[in-house]
Amino acid sequence: MTVFILITLAAAIVCLVAFSWLQSRRIERLYPPIGEFVDVGGYRLHVVHVPAEGTADLPAIVFLHGASGNLRDQVSAFRDGLEGRAELLFVDRPGHGWSERGGPQNAFPDGQARAVADLMDRKGISKALIVGHSFGGIIAANLALERPHKVSGLLFLATVSHPWPGGIDWHYHVATAPVVGRLATWLLAMPAGLLRIERAARCVFSPNRYPPDYLARSATALVLRPWTFRHNAHDVANLYDHIVSVSPRYAEIDKPTIIVTGDSDFVVSPEIHSSALSGAIAGSELVRIRGVGHKPDYVATDLCIAAMEKLGGLETDLAAMARRLEQLLASDTEMSNPPPASRRRSSAADQIPVMPSDPI
């Protein structure tokens, strides 16, 4: 009986590993690289670089995606509205999308910020407006602290920035464990993620409408590859302690800054993060939009572009734009993506092993 159990267990492990490998190859065929690879000192980052045209009216802009994401998320949101107006650089952060991870320093936001600065140097971008969504916001803040000469302005979108109660979800701890974590990412991340990925994406958009083609446009499934899932887990697992140490330094940031957040963000608390960040950075502008969740880059795209324009020196009334968007959202009676029933932390069985599912 013992031998039979061991054989069955071994066969199950082999099948799950083979399933994860085959699905990873399938996902990579569906979502191949769409940009170029740039060596930044012994490893390569995947980027989409869109040169400016002669009629450009904005400074260079660098886009940093959030946890569990890749550059396609921001390309889909912003490229069409900005192409030709500025030099654009969309980045797969180290270990995400098609970028290589690099050294152990890239498991921390300051290491990734330095990698982005090195990338800018290699692309000949002396200074840029840095746009960071969610986890990308802490990278943007670190870039302003680590390499301030590379930053002309900062746009934070539904950013994470300050310590929060409750810590991180259990699956990040499991995925980063030395031995168990590697095994878990190969055995569980892919099958569990495929089952829950759409639910996770709907949670990220809630309470706003979920675009039915979002997963295809954003290639979010790339995070389910075991190695990428583990890199993402390390990023999130290291986030809290890093924020504890770096958040007291936000007052050092002296770049023009705009912070855009929704008041119905069920992933990153606007009170704990965006409001506190606005108070920490002197002269920053906080734009809070009623009825918007964690994806202002998609739900309030025009307002986000207007914020970039304002940081680029154009006169724009962002508060008035926010009020008009609120009226438009309020008049939309079709609630196709209702918010979670409660903001309370869910049980372990309900947590989603793809994207943050609880407020942080």
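What you are looking at is a predicted structure, and each value in this text was computed from that prediction instead of being measured.

Reading the values: rules and limits
Residues numbered from 1 in each chain as written. Predicted model: local features only at pLDDT ≥ 70, side-chain atom pairs only at ≥ 80, totals over all residues. Heavy atoms only, no water. Pairing = 2+ DSSP bridges. Helix = DSSP H or I, 4+ residues; strand = E, 2+ residues; numbered from the N terminus. Axes fitted to C-alpha atoms, helices over the stretch in contact; angles between N-to-C directions. Core = buried A, V, L, I, M, F, W, Y, C linked by side-chain atoms within 4.5 Å. Buried < 20%, exposed > 50% of the residue type's maximum accessible area, 1.4 Å probe, protein only. Contact = heavy atoms within 4.5 Å.

K.L.:
What exactly am I supposed to notice about the sheet that holds strand 5 (residues 128-133) here?
P.N.:
Across a sheet, strands are paired by hydrogen bonds formed along the backbone, either parallel or antiparallel in direction. Here 8 strands make up an open sheet; going across it, the order is 1-2-4-3-5-6-7-8 and the pairing mixed. Here the strands that pair on one side only, and so sit at the sheet edges, are strand 1 (36-39) and strand 8 (285-289). Each adjacent strand pair in this sheet contributes to an overall mean axis angle of 25°, direction not counted. As judged from the 4 bridges shared by strand 6 (residues 151-157) and strand 7 (residues 257-262), these two strands associate in the parallel manner. Across the sheet, residue Phe 156 finds its bridge partner in strand 7, namely Ile 259.

K.L.:
Honestly, the nonpolar core in this entry has me stumped. Any pointers?
P.N.:
Side chains that are nonpolar tend, in soluble globular proteins, to be buried together. Counting 51 residues, the largest nonpolar core has Val 62, Met 120 and Ile 130 as its most contacted members. Looking at this core element by element, the count peaks at 8 residues for helix 4 (residues 135-146). Residues in contact with Ile 130, not counting those within four places in the same chain, are Val 62, Leu 64, Met 120, Ala 140, Leu 143, Val 151, Gly 153, Leu 154 and Leu 155. Counting residues in hydrophobic clusters, the runner-up holds 48 residues, among them Val 48, Phe 63, Leu 71 and Leu 157.

K.L.:
Explain the pairing of strand 2 (residues 44-50) here, please?
P.N.:
Within a regular beta strand, the side chains point alternately toward one face of the sheet and then the other, so they alternate between its two faces. Within strand 2, 5 of the 7 residues are buried, leaving the element largely enclosed by the surrounding structure. Across 4 bridges, the pairing between strand 1 and strand 2 is antiparallel. Residue Glu 36 lies in a different strand from strand 2, and its bridge partner there is Val 47. Between the antiparallel neighbours strand 1 and strand 2 lie 4 residues, among them Gly 41 with a positive phi of about 110°. Sheet topology note: the strand 2/strand 4 (residues 88-91) ladder contains 4 bridges and is antiparallel. Residue pairing for strand 4: His 49 is matched across the bridge by Leu 89.

K.L.:
Help me out: how do you make sense of the pairing of strand 3 (residues 61-64) in this one?
P.N.:
The alternating pattern of strand 3 places Ile 61 and Phe 63 on one face and Val 62 and Leu 64 on the opposite face, and all of these are buried. In the sheet, strand 3 pairs with strand 4 via 4 bridges, with the strands oriented parallel. Residue pairing for strand 4: Phe 63 is matched across the bridge by Phe 90. As paired elements, strand 3 and strand 5 share 4 bridges and run parallel to each other. Note on strand 5: the bridge partner recorded for Ile 61 is Leu 129.

K.L.:
Mind showing me how you'd approach unusual backbone geometry here?
P.N.:
Glycine aside, negative phi is the norm for most residues, and most peptide bonds take the trans geometry. Residue Ser 206 is joined to Pro 207 through a cis peptide bond whose omega torsion reads 5°. Assignment of secondary structure puts Pro 207 in the loop between helix 6 (180-205) and helix 7 (214-218). The phi dihedral of Ala 219 is positive, around 55°, even though this residue is not glycine. Among the secondary structure elements, Ala 219 is positioned in the loop between helix 7 and helix 8 (226-246). Ala 219 sits in the buried class, given a relative accessible area of 0%.

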